[in-house]
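Tertiary structure, described
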Amino acid sequence: CINNETKEVMLCSVYRDCLLETAQPDSTTRKVTEAYFYGGPSGAVETLNKNLDLNITDYVTVDFKALANAIDALGGVTINVKSKEIDNLNKNLQEQVEVTGIYSDGVWSAGEQVLNGTQAVAYARIRKVGNNDFERTQRQRAVISAMIKKAKESDLATINKVINEVFPQIATNMSNKDLISLAADVFDYELTENTGFPLSHETPTLGNKGSVVVPANLLSNVKYLHEFLYPEDTEYAPSEEVQRISTA
């Protein structure tokens, strides 16, 4: 959520295994990651809007290569790598080199250091260290935060270079002109807080769905999300649609 008055940016991850009522191919309760699988970025956006009382209109989606190229165009990002993360990071990195063709050395020491694009993406993908996807999304938000910090330290020419280099690789319903216009304001904004959805949850194993993240319950979690994203909107009340899904 970008507040154009206070210049504050709030960032929220939605856990991939969170059970929501997907918009495509039908209204069935599935892991939210399947909304993207079946409907692409627009299907994912429609599902988020439906379940979380949001009104997302624009999207940008990137793959391993596009994100790595964006980070490289910024000159890398500073990340504090823990010793327990190194093995998984390098396993991810090896897979990415095979997929993207972008070679990179591994990361061999712990501590705060500048990671190149391939290394940073590999770091963001670590899942089997710590608290599974909950901790992985923390790493993803750490990389995004580091990218924003690096962008704010750069100049507009560098930002435009990132957009021009990465734009052909992404899926978006925004034009290059729109993105450049938004990027011009990056120096004025501050990423203040971040969180994950759902805040209150259970993690049962449900038959062929496997391990899932269940909001406990959807109604209270959506209320929390709106308090987090829109603290000034004190009159928000969950829609009938969200109430229906929550009790289903």
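Above this text sits the structure in question.
Residues numbered from 1 in each chain as written. Predicted model: local features only at pLDDT ≥ 70, side-chain atom pairs only at ≥ 80, totals over all residues. Heavy atoms only, no water.

1. Describing the overall build of the protein
Within the protein, the secondary structure is distributed over 9 helices and 12 strands. On C-alpha atoms alone, the protein measures out to a radius of gyration of 19 Å, which is about the 18 Å that the 2.2 N^0.38 rule sets for 248 residues. Along the three orthogonal principal directions, the C-alpha set of the protein runs to about 50 × 45 × 30 Å. Counting only contacts in the protein whose residues sit at least 6 apart along the sequence, the fraction spanning at least 24 positions is 65%. (Helix = DSSP H or I, 4+ residues; strand = E, 2+ residues; numbered from the N terminus. Rg over C-alpha atoms; globule rule 2.2 N^0.38 Å. Contact = heavy atoms within 4.5 Å.)

2. Thoughts on the packing of aromatic side chains
All told, the structure shown has 3 aromatic pairs when counted by the stated rule. Centre to centre, the rings of Tyr 15 and Phe 134 are 4.6 Å apart; their planes meet at 75°, and the pair counts as edge-to-face. Remark: Phe 134 occurs in helix α5 (residues 132-153) and Tyr 15 occurs in the loop between β1 (8-14) and β2 (19-21); sequence separation between them is 119 residues. Summarising the burial analysis for this pair, Tyr 15 and Phe 134 share the class buried. (Phe/Tyr/Trp six-rings, centres within 6.5 Å; stacked < 30°, edge-to-face > 60°. Buried < 20%, exposed > 50% of the residue type's maximum accessible area, 1.4 Å probe, protein only.)

3. Structural notes on the pattern of salt bridges
On inspection of all chains with the given rule, the structure shows 14 salt bridges. Across the pair Glu 85 and Arg 139 runs a salt bridge, and its minimum N-O distance is 2.8 Å. A residue pair is termed long-range when its members are at least 10 positions apart, and Glu 85 in the loop between β5 (77-81) and α3 (86-100) and Arg 139 in helix α5 qualify at 54 residues. Residue Glu 85 is classed as buried on the basis of its relative accessible area of 1%. A relative accessible area of 3% means that Arg 139 is categorised as buried. (Salt bridge = Lys/Arg side-chain N within 4 Å of Asp/Glu carboxyl O.)

4. Looking at a negative patch on the surface
On the surface, Glu 5, Glu 8, Glu 193 and Glu 232 cluster together to form a negatively charged patch. Structurally, Glu 193 is set in strand β8 (residues 190-197). Judged by relative accessible area, Glu 193 falls into the partly exposed class, the value being 44%. (Patch = residues over 30% accessible without salt bridge, like charges linked within 9 Å, V, L, I, M, F, W, Y side chains within 5 Å. Areas by Shrake-Rupley, 256 points an atom, 1.4 Å probe, with all protein chains shown as cover. Lys, Arg positive; Asp, Glu negative; His and termini not counted. Charge placed at Lys NZ, Arg CZ, Asp CG, Glu CD.)

Interpretation in functional terms is not warranted from these geometric data alone.
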